Amino acid sequence: MQIIEETAAQYGLAALLQEKPFNNINGSGKHNNWSIGTKDGVNLLNAGQITAKSGNAEIFPVVMAAIVSAVDKHGDLMRAAIASPGNDFRLGAMEAPPAIISTYLGETLTEYLDAFRQGKPAEYKPEPKTVETGCSLFGTFTVPTEDRNRTSPFPYGGHRFEFRAVGSAQNVSVVNTILNAMCAEAFQEFADKIEAGAKPADVAAEALNKHWKVIFNGNGYDPAWKDEAVKRGVWRIDSGVEAISKMADPKNVDLFEKTGILSKEELVARMDISLEHYTGLVEIEANTMVDMIVQSIVPALKGANVATSSVEAGLAKLKAKIDSMHAAEETLAKAKIARELRLETMADVRTACDDAEAICPASAWPFATYRELLFLDQNQDHQGMTVK
């Protein structure tokens, strides 16, 4: 992100990293690939490597069981880590994983862990899949058995997990802090039981049985999954503001305090800052929208003899919502109004402006159109000049 922004500035440009810059066009996000290893470089998520180094085929399923339990227990924190105004437009919108925190393990690994929790241990040796391209030029090729599921927020991709729901403008430091903390807690809980005399396989089986519900290998875009997730008791938090407010819940305070990462006061402060950041971004965008309408759109419509009543009515609602946000005293209350302002009020005003643009002469419309922004090569003459 820093390199992108600094390089853009060198050329007199500004790099915009917003998650959803264009309506009805897929936005942007990050894929945070996460794995853990020993100080000797052994990847704990690489079944073949850890078994070869330790001579113990049980370590890999025990590690996986701990991670599955952590995802189920702290899905609210994972959702909070990816909460932002831009991401609220994307999550679950057929372009990014849903706002439901589950994990995809793939058919092969799921079957393996299912057998393991039933007392049928074995070494995990996934066979790669062969893909027939149907083209003589490319022939056939192999892919890992843990095929990627683009609809899952946290799929296992072979040797790593991929947190696919991070926003494009977000720093991944908080994301990885949360992933590391919640898994460290799970490992500690496993270690305490094992050191007290329990068998590692029994500890892992117990955890898998308790948290199996968080494993979902289906289509995360399927509308039926939303209801099924709620029935399962899997974390589903549609609102980024609500997710952020979960950060200071007692179990999360306990997690950060006992891992020595943050005190309760520090965690609450970070939660408040995240809520203020959410509100501040929305406020900037809402005021910009007011300026665009007042200074440019309404004068352009009047100059072209196009009715402005619907746009001005929307403007009044927009200003009223901004005022109500300013009037709210508590940080959380402000953020909740900000979310309504951005996802509801501003969206309605945007529709009114779009309708007006559709009947306004192109020569009178004061802003670049999607056609001009996204298809520059179709709007320039042989000298590179824009043609309307």
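Structure first, text after, so check above.
Note that the coordinates shown come from a computational prediction; the quantities given were computed from them, not determined experimentally. (Residues numbered from 1 in each chain as written. Predicted model: local features only at pLDDT ≥ 70, side-chain atom pairs only at ≥ 80, totals over all residues. Heavy atoms only, no water.)

Attention now moves to the packing of helix α6 (residues 107-117) against helix α8 (residues 200-211). It is at 9 Å that the axes of α6 and α8 come closest, and there the two elements cross at 120°. Of the two possible hands of crossing, α6 and α8 adopt the one that is left-handed. Between α6 and α8, the residues in contact are Leu113, Phe116 and Arg117 and Ala201, Ala204, Ala205, Leu208 and Asn209, respectively. In terms of residue class, the contact of α6 with α8 is built from six nonpolar, one polar and one charged. (Axes fitted to C-alpha atoms, helices over the stretch in contact; angles between N-to-C directions. Helix = DSSP H or I, 4+ residues; strand = E, 2+ residues; numbered from the N terminus. Left-handed = near helix turned anticlockwise from the far one by under 90°. Contact = heavy atoms within 4.5 Å. Nonpolar A, V, L, I, M, F, W, Y, C, P; charged D, E, K, R; others polar.)

The full count for this structure, using the stated rule, is nine aromatic pairs. Centroid distance phenylalanine 22 to tyrosine 370: 5.4 Å. Interplanar angle 85°. Geometry classified as edge-to-face. Remark: tyrosine 370 occurs in helix α15 (residues 370-374) and phenylalanine 22 occurs in the loop between α1 (2-10) and β1 (29-34); sequence separation between them is 348 residues. The class of tyrosine 370 is partly exposed, set by a relative accessible area of 28%. Both rings, one in phenylalanine 216 and one in tryptophan 225, keep their centres 3.7 Å apart while their planes meet at 0°; by these two values the pair is stacked. You'll find phenylalanine 216 and tryptophan 225 in the same group, each marked buried. An aromatic cluster of three or more residues is present, and its members are Trp34, Phe60, Tyr112, Tyr124, Phe154, Tyr156, Phe161 and Phe163. In this structure, arginine 117 is placed above the aromatic ring of tryptophan 212, and the distance from its NZ or CZ to the ring centre is 3.8 Å. (Phe/Tyr/Trp six-rings, centres within 6.5 Å; stacked < 30°, edge-to-face > 60°. Buried < 20%, exposed > 50% of the residue type's maximum accessible area, 1.4 Å probe, protein only. Lys NZ or Arg CZ within 6 Å of the ring centre and 35° of its normal.)

Moving on, we get to the pairing of strand β6 (residues 161-167). Counting buried residues along β6, seven of its seven residues qualify, which places the element largely inside the surrounding structure. Judged from the five bridges that link them, β1 and β6 form a sheet pairing that is antiparallel. Residue pairing in the sheet places glycine 29 in a bridge with glycine 167 of β6. (Pairing = 2+ DSSP bridges.)

On to the pattern of salt bridges. Throughout the structure, instances matching the rule amount to 17 salt bridges. A salt bridge links aspartate 88 to arginine 339; the shortest N-O distance between them is 3.1 Å. Of this pair, aspartate 88 sits in helix α5 (residues 85-90) while arginine 339 sits in helix α14 (residues 331-359), and the two are 251 residues apart along the sequence. Of the charged contacts, one joins lysine 125 and glutamate 123 as a salt bridge, the two residues approaching to 3.8 Å between their closest N and O atoms. Take lysine 125: its relative accessible area is 59%, and that puts it in the exposed class. Here glutamate 123 falls in the partly exposed class, since its relative accessible area comes to 37%. Overlapping salt bridges bring together Lys73, Glu185, Glu189, Asp254 and Lys258 as one network. (Salt bridge = Lys/Arg side-chain N within 4 Å of Asp/Glu carboxyl O.)

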